[in-house]
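Descriptive structure summary
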Amino acid sequence: MSMQAGPTPPKRNQLKHIPGDEGWPIIGKTLQVLADPKGHIEANGRKYGPVYRTHVFGETSVVLLGPEANELVMFDQQRQFSSEHGWNPVLGRLFPRGLMLLDFDEHRLHRKALSIAFKSGPMKSYLSNLDRGISARVAQWKANPGEIQLYPAMKQLTLDLAATSFLGADIGPEVDEINRAFVDMVAAAVAPIRRPLPGTQMAAGVRGRKRIIAYFREQIPLRRGNHGGDDLFSHLCRATHEDGALLSDQDIIDHMSFLMMAAHDTLTSSLTSFIGELAAHPDWQQKLREEVFALGLSADAPTSFADLDKLPLSEMAFKEALRLKPPVPSMPRRAVRDFTFRNYHIPAGTSVGVNPLYTHHMKDIWPEPDRFDPLRFTEEAQRNRHRFAWVPFGGGAHMCLGLHFAYMQAKCFARHFLQNIEVSLEPGYKPDWQMWPIPKPRDGLKVRVKAV
């Protein structure tokens, strides 16, 4: 299926009125963005203001900063911005026709069909699977106290959990192969070399996609029949459009690939930063632990939705970790029509970026923006902020479909982890984070764990 051609990018001289610096020929500012995305964008914001022109990944683009920009682009009441043509250069080859790569009416129809997989019935069954998986893994960590690298440990956990809740608990020995294929696809999506040349990450990603497609294709008829369970894949196989038609095999394959990708690296990143912040702030760790103990659950008791609702502090701390290190630090779109922002006229076809990472550190919205303070997310504090000041899940029609799934997993994880394990950092140790494309600690984030 061919991608529709996007709107034609404007000629360079059509953007000359927008302040900025396009850097070197061809590579532009790409290397600076990769080296220090937060420092780079903050320097540009100071120098040029909330609208500036830059050149990254082979194209001139316009960056719009701040909550008003987020609202214009994400809420997009006028349907001026294409998500498909924004994300396609990054994700199109490996995750074609995923939800972020659809626009407007087509996107709405597919989103509606997919949303059944996130209704409360299926979510309860995912919770019981997640709960068992997390509990077992935390027990292993507890039995082996000492130093661990938090990020790889979390990555393995979220992969295993995605496999059980998305594909079903009894997927069997294929699970390792499927997981490997996913890891390759995700790595390729953000690899600098965009063609599947031999030996490149992109080549491994394309191979991974073939493996995944073959697996889903043989499974779909089984799951549509009487073999389907309560996992997300089986729900999609039974999902219908508004006219009652089942999703096509190809749609299911594209949505499954995309959802597993979207759920995996973002959750690994946010759970790592969440626990990393608790390790760095023992006082908060203890407050959250008291909240968990107040549930009165024995170590092996299952976690219910009602229990998760009684963890408001844990949710606030998770939100604050998402503020400090948003899992998707920048979001691309392409203008499908001319538009105006802050008195700048910007022509159709322009590549447009908004930046949660920048917004989440604006001093006038977040005093002492680098300080970890979950109390920024009390109801009172949230009421007085622009509703697009905190956008780790995006906003508008493309708001993250798995948002409640993410909160459920984070709070279920907090419950088991804090009930069993105390986590700390070596004195003087500062984790070194790479903030783009999805934040991760370069050194794996070393923490010490011991039984509570």
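Here the structure is shown first, and the text comes after it.
Residues numbered from 1 in each chain as written. Predicted model: local features only at pLDDT ≥ 70, side-chain atom pairs only at ≥ 80, totals over all residues. Heavy atoms only, no water.

Section: the overall build of the protein chain
Going by this rule: We count a stretch as a helix when DSSP gives it H or I for four or more residues in a row; a strand needs E for two or more, and each element gets its number in order from the N terminus. Each radius of gyration is computed over the set of C-alpha atoms, and the globule rule expresses the reference value as 2.2 Å times the number of residues to the power 0.38. Residue exposure (1.4 Å probe, protein chains only): buried if accessible area is under 20% of the type maximum, exposed if over 50%, otherwise partly exposed.
When its secondary structure is counted, the protein chain shows 17 helices and twelve strands. Whereas a compact globule of 452 residues would reach a radius of gyration of roughly 22 Å, the protein chain reaches 22 Å, a difference of no more than 12%. Taken along the three principal axes of its C-alpha coordinates, the protein chain extends 65 × 55 × 45 Å. Going through the 452 residues of the protein chain one by one, you find that 55% of them count as buried.

Points about the sheet that holds strand S3 (residues 81-82)
Hydrogen bonds between backbone atoms are what pair the strands of a sheet, whose relative direction is either parallel or antiparallel. As a reminder of what qualifies: Pairing between strands is defined by DSSP: at least two bridges between them are needed. Residues are treated as being in contact if the distance between any of their heavy atoms lies within 4.5 Å. A fitted line through C-alpha atoms serves as each axis, taken over the contacting stretch for helices, and the angle formed by two N-to-C directions is quoted from 0 to 180°.
Pairing is mixed in the open sheet, where five strands are placed in the order S1-S2-S8-S5-S3. Two strands lie at the open edges of the sheet, namely strand S1 (51-56) and S3, each paired on one side alone. As paired elements, strand S5 (residues 331-335) and strand S8 (residues 351-354) share four bridges and run antiparallel to each other. Paired with Arg334 across the two strands is Ser351, which belongs to S8. On the sheet, helix H3 (residues 67-75) packs against strand S2 (59-64), S3, S5 and S8 and is oriented at approximately 125° with respect to S8.

Quick notes on helix H2 (residues 37-48)
For clarity, the threshold we go by: Given a helix with a known number of residues, its expected span is that number minus one, times 1.5 Å.
Between its terminal C-alpha atoms H2 stretches 16 Å, which fits the 16 Å expected from twelve residues at 1.5 Å a residue. Within H2, burial applies to Pro37, His40, Ile41, Glu42, Asn44, Gly45 and Tyr48. Where H2 is buried, its residues contact helix H1 (30-35), S1, S2 and helix H15 (356-359). Phi for Gly49, located one or two positions after H2, is positive at around 90°.

Examining the packing of aromatic side chains
To keep it simple, the criterion reads: Here a pair means two rings of Phe, Tyr or Trp (six-membered ring of Trp) with centres within 6.5 Å. Their orientation is stacked below 30 degrees between planes, edge-to-face above 60, and tilted elsewhere. Over a ring means this: the NZ of a Lys or the CZ of an Arg is within 6 Å of the ring centre and within 35 degrees of the ring normal.
Summed over the entire model, instances satisfying the criterion amount to 17 aromatic pairs. Here the aromatic rings of Phe57 and Trp436 are separated by 5.4 Å at their centres, their planes lie at 20°, and the arrangement is stacked. Of the two residues, Phe57 is situated in the loop between S1 and S2 and Trp436 in the loop between strand S10 (433-434) and strand S11 (440-441); the sequence distance between them amounts to 379 residues. In this structure Trp436 comes out as buried when scored by relative accessible area, which is 19%. Between the aromatic rings of Phe81 and Phe339, the centroid separation amounts to 4.8 Å while the plane-to-plane angle is 75°, which identifies the pairing as edge-to-face. Of this pair, Phe81 sits in strand S3 while Phe339 sits in strand S6 (residues 339-341); the two residues are 258 residues apart in sequence, bridging distant segments of the chain. Of the aromatic side chains, those joined through ring pairs into one cluster are Phe274, Phe318, Trp366, Phe377, Trp390, Phe393 and Tyr407. For Lys325, the ring lying beneath its charged end belongs to Trp433, and the centroid distance is 4.9 Å. When the ring centre of Phe75 is taken as origin, the NZ or CZ atom of Arg387, which lies over that ring, is 4.7 Å away.

Quick look at H3
Note the following rule: Here the arc refers to the directions that run from the helix axis out to each C-beta atom.
Residues of H3 that are buried: Pro67, Ala69, Asn70, Val73 and Met74. Down the axis of H3, the smallest arc covering the buried residues is 150°, so these residues share one side. On its buried face, H3 is in contact with S2, S3, S5, S6, S8 and H15. Count one or two residues on from H3 and you reach Asp76, which has phi positive near 45°.

Notes on the nonpolar core
Using the following cut-off: Only buried residues count toward a nonpolar core, which is a set of Ala, Val, Leu, Ile, Met, Phe, Trp, Tyr and Cys residues joined through side-chain atoms within 4.5 Å.
By size, the foremost hydrophobic cluster in this structure holds 101 residues, and its most contacted members are Leu167, Met256, Phe274 and Phe413. The element contributing the most residues to this core is helix H11 (residues 249-280), with 14 residues. Residues contacting Phe413, with those up to four places away along its chain left out, are Ile134, Val138, Trp141, Met154, Leu157, Leu271 and Ile275.

Structural notes on the sheet that holds strand S12 (residues 446-451)
Reading across the sheet, the three strands line up as S4-S12-S9 and stay open at both edges, with antiparallel pairing between neighbours. The sheet is open, and its two borders are formed by strand S4 (146-149) and strand S9 (421-424), each paired with just one other strand. Ignoring which end each strand starts from, the neighbouring axes of this sheet average 40° apart. Of the pairings in the sheet, the one linking S9 to S12 comprises four bridges and is antiparallel in character. Each residue of the ladder has a partner; that of Ile421, found in S12, is Ala451. Sheet contacts for helix H7 (residues 150-167): S4 and S12; angle to S4, the most-contacted strand, approximately 65°.

Details of the pairing of S2
Among the six residues that make up S2, five are buried, leaving the element largely enclosed by the rest of the structure. Sheet topology note: the S1/S2 ladder contains six bridges and is antiparallel. Looking at S2, one finds that Tyr52 is bridged to Val63. In this structure, the hairpin formed by S1 and S2 is closed by a connection of two residues, where Phe57 is found at a positive phi of approximately 50°. Here S2 pairs with S8 via four bridges, running parallel.

Describing a nonpolar patch on the surface
Filter applied, for reference: The patches described consist of residues with a relative accessible area above 30% and no salt bridge, like charges being joined within 9 Å and nonpolar side chains (Val, Leu, Ile, Met, Phe, Trp, Tyr) within 5 Å. Working definition of accessibility: Shrake-Rupley area with a 1.4 Å probe, residue cover restricted to the visible protein chains. We define a salt bridge as a side-chain nitrogen of Lys or Arg found within 4 Å of a carboxyl oxygen belonging to Asp or Glu.
On the surface, a nonpolar cluster with roughly 690 Å² of combined accessible area is contributed by Trp24, Ile26, Ile27, Leu31, Leu34 and Phe57. Of note, Leu34 is situated in helix H1. Here Leu34 falls in the partly exposed class, since its relative accessible area comes to 35%.

A closer look at the environment of Arg289
Condition: Pairs of N or O atoms are called polar contacts if they sit within 3.5 Å, as long as, within protein, a hydrogen donor faces a hydrogen acceptor (for residues adjacent in sequence, only side-chain-to-side-chain pairs).
With respect to the secondary-structure elements, Arg289 resides in helix H12 (residues 282-293). The sequence separation of Arg289 and Glu22 amounts to 267 residues, and the corresponding C-alpha distance is 49 Å. With residues up to four places along the chain from it excluded, the contact list for Arg289 reads Leu418, Ile421, Glu422 and Val452. At a separation of 2.7 Å, a polar atom in the side chain of Arg289 contacts the main-chain carbonyl oxygen of Ile421.

Quick notes on the side chain of Arg137
Within the element layout of this structure, Arg137 appears in helix H6 (residues 120-143). Classification of Arg137 as buried rests on a relative accessible area of 15%. Not counting the four nearest positions on each side in its chain, Arg137 is found in contact with Ala153, Gln156, Leu157 and Asp160.

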